[in-house]
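# Examining the three-dimensional arrangement
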Amino acid sequence: MAKGSIKDRLIYAAMWLALAAPLPIVLVPALTAFNPIEYILRGLGLWGLRLLILGLVITPAARIFNLPVLIRYRRTVGLFAFTYIVLHLLSYVVLDQFFDWNRIFQDILKRPFITIGMGAFLALIPLAVTSTNGMLRRLGPVLWKRLHSLIYLIVPAGLVHYWLMVKADHDSQIVYGAIIAVLLAWRVWDRFQAAQRRKARAAAKAS
Ligand code: HEM
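Because the structure is predicted, anything quoted here is derived from the model rather than measured. (Residues numbered from 1 in each chain as written. Predicted model: local features only at pLDDT ≥ 70, side-chain atom pairs only at ≥ 80, totals over all residues.)

## Things to note about the domain arrangement of the protein chain
What counts here: Where each domain starts and ends follows an automatic or database-derived domain assignment. The contact criterion used here is simple: two residues whose C-beta atoms, placed from the backbone, lie within 7 Å are in contact. Under this grouping Gly is polar, as are all residues other than the nonpolar Ala, Val, Leu, Ile, Met, Phe, Trp, Tyr, Cys and Pro and the charged Asp, Glu, Lys and Arg.
Assigned domains within the protein chain: domain 1 (1-85), domain 2 (100-165) and domain 3 (176-207). Placing a centre on the C-alpha atoms of domain 1 and another on those of domain 3 gives a separation of 28 Å. Each partner contributes residues to the interface: domain 1 has 5 residues there, and domain 3 has 5 residues. For the side of domain 1 that touches domain 3, the class distribution of residues is 5 nonpolar, no polar and no charged.

## Some details on the nonpolar core
Basically, it comes down to this: Connectivity within a nonpolar core runs through C-beta atoms within 7 Å, and the core itself is a set of buried Ala, Val, Leu, Ile, Met, Phe, Trp, Tyr and Cys residues. Using C-beta atoms placed from the backbone, we call a residue buried if 20 or more other C-beta atoms fall within 10 Å of its own, exposed if 12 or fewer do, and partly exposed for counts in between. Under the scheme used here, helices are H or I runs from DSSP no shorter than 4 residues and strands are E runs no shorter than 2 residues, and both carry numbers assigned from the N terminus.
The biggest cluster of nonpolar side chains holds 26 residues, and the ones touching the most others in it are Leu44, Leu51, Leu52, Phe80, Ala81, Tyr84 and Leu124. Within the residue set of this core, elements represented by two or more residues are α2 (22-30), α3 (36-64), α4 (74-96), α6 (112-129) and α9 (151-165). The element contributing the most residues to this core is α3, with 8 residues. Two domains each provide a minimum of three residues to this core, namely domain 1 (1-85) and domain 2 (100-165). Contact partners of Leu124, with chain neighbours within four places excluded, come to Phe82, Ile85 and Ile154.

## Side note on unusual backbone geometry
If a residue is not glycine, its phi is most likely negative; likewise, a peptide bond is most likely trans. Positive phi, close to 60°, is recorded for Phe99, a residue that is not glycine. By secondary structure assignment, the location of Phe99 is in the loop between α4 and α5 (101-110).

## Things to note about the site of the ligand
Formally: Near residues are defined by distance alone, with the backbone-placed C-beta atom required to lie within 6 Å of the molecule or strand.
Arg42, Gly45, Gly117, Ala120 and Gly158 are the nearest of the 23 residues found near the ligand. Counting residues per element, the ones that place at least two in the shell around the ligand are α3, α4, α6 and α9. For the shell around the ligand, the element with the highest residue contribution is α3, accounting for 8 residues. Of the domains in this structure, domain 1 (1-85) and domain 2 (100-165) are the two that each give at least three residues to the shell around the ligand.

Structure below.
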């Protein structure tokens, strides 16, 4: 499919609508929630994590279903994930802590789940900043890919943040963790396969 074609634009429009939908899904019920601030804070964090995971689904899906075109839409998913996490952080700073910087810094230093969340957020910033084609050209594909491999630490860190937040009943964290484990394991397997293919080609050349 040609870039910029009507079909491509329609897909982007549908994607934007679908990726923006969690915002009203979180905000509208928050109006009548028992604790609206907690509802917004948690809802935005959860959608941030879900979209980070969706970003990890795209490469294996493109390869398994032979749909390389999917890779084109990965950046948009990643940028929406980043946006939800920025809004999650903002809802913590503004709604939950009322800009009490002293308490926020104490939280970051003393509550491990906040420390890890903050670490994951800071590591996401260089990925968002370098997500443009211009930055890809400037960094070169090798360095760019290496930098963006940070996502393989960020997503598990997001999960640990979620895990540590609750003391008991980790059922949903286990489900998210299993999905993340499968997606990361696929990458390890894929790299192993690629290395095997390279070895076989080198052996064939040498013989
Ligand atoms: C990659 C970064 C992050 C991800 C993926 C993430 C994800 C999440 C998730 C999934 C939840 C639980 C939602 C639920 O209960 O349904 C959550 C809760 C929370 N997160 Fe994050 N988060 C991130 C960064 C941060 C940062 C930077 C902060 C603040 C400095 C933060 C503060 C909180 C707080 C205060 C809660 C709610 C805790 C509570 O209600 O007891 N998060 N986050």
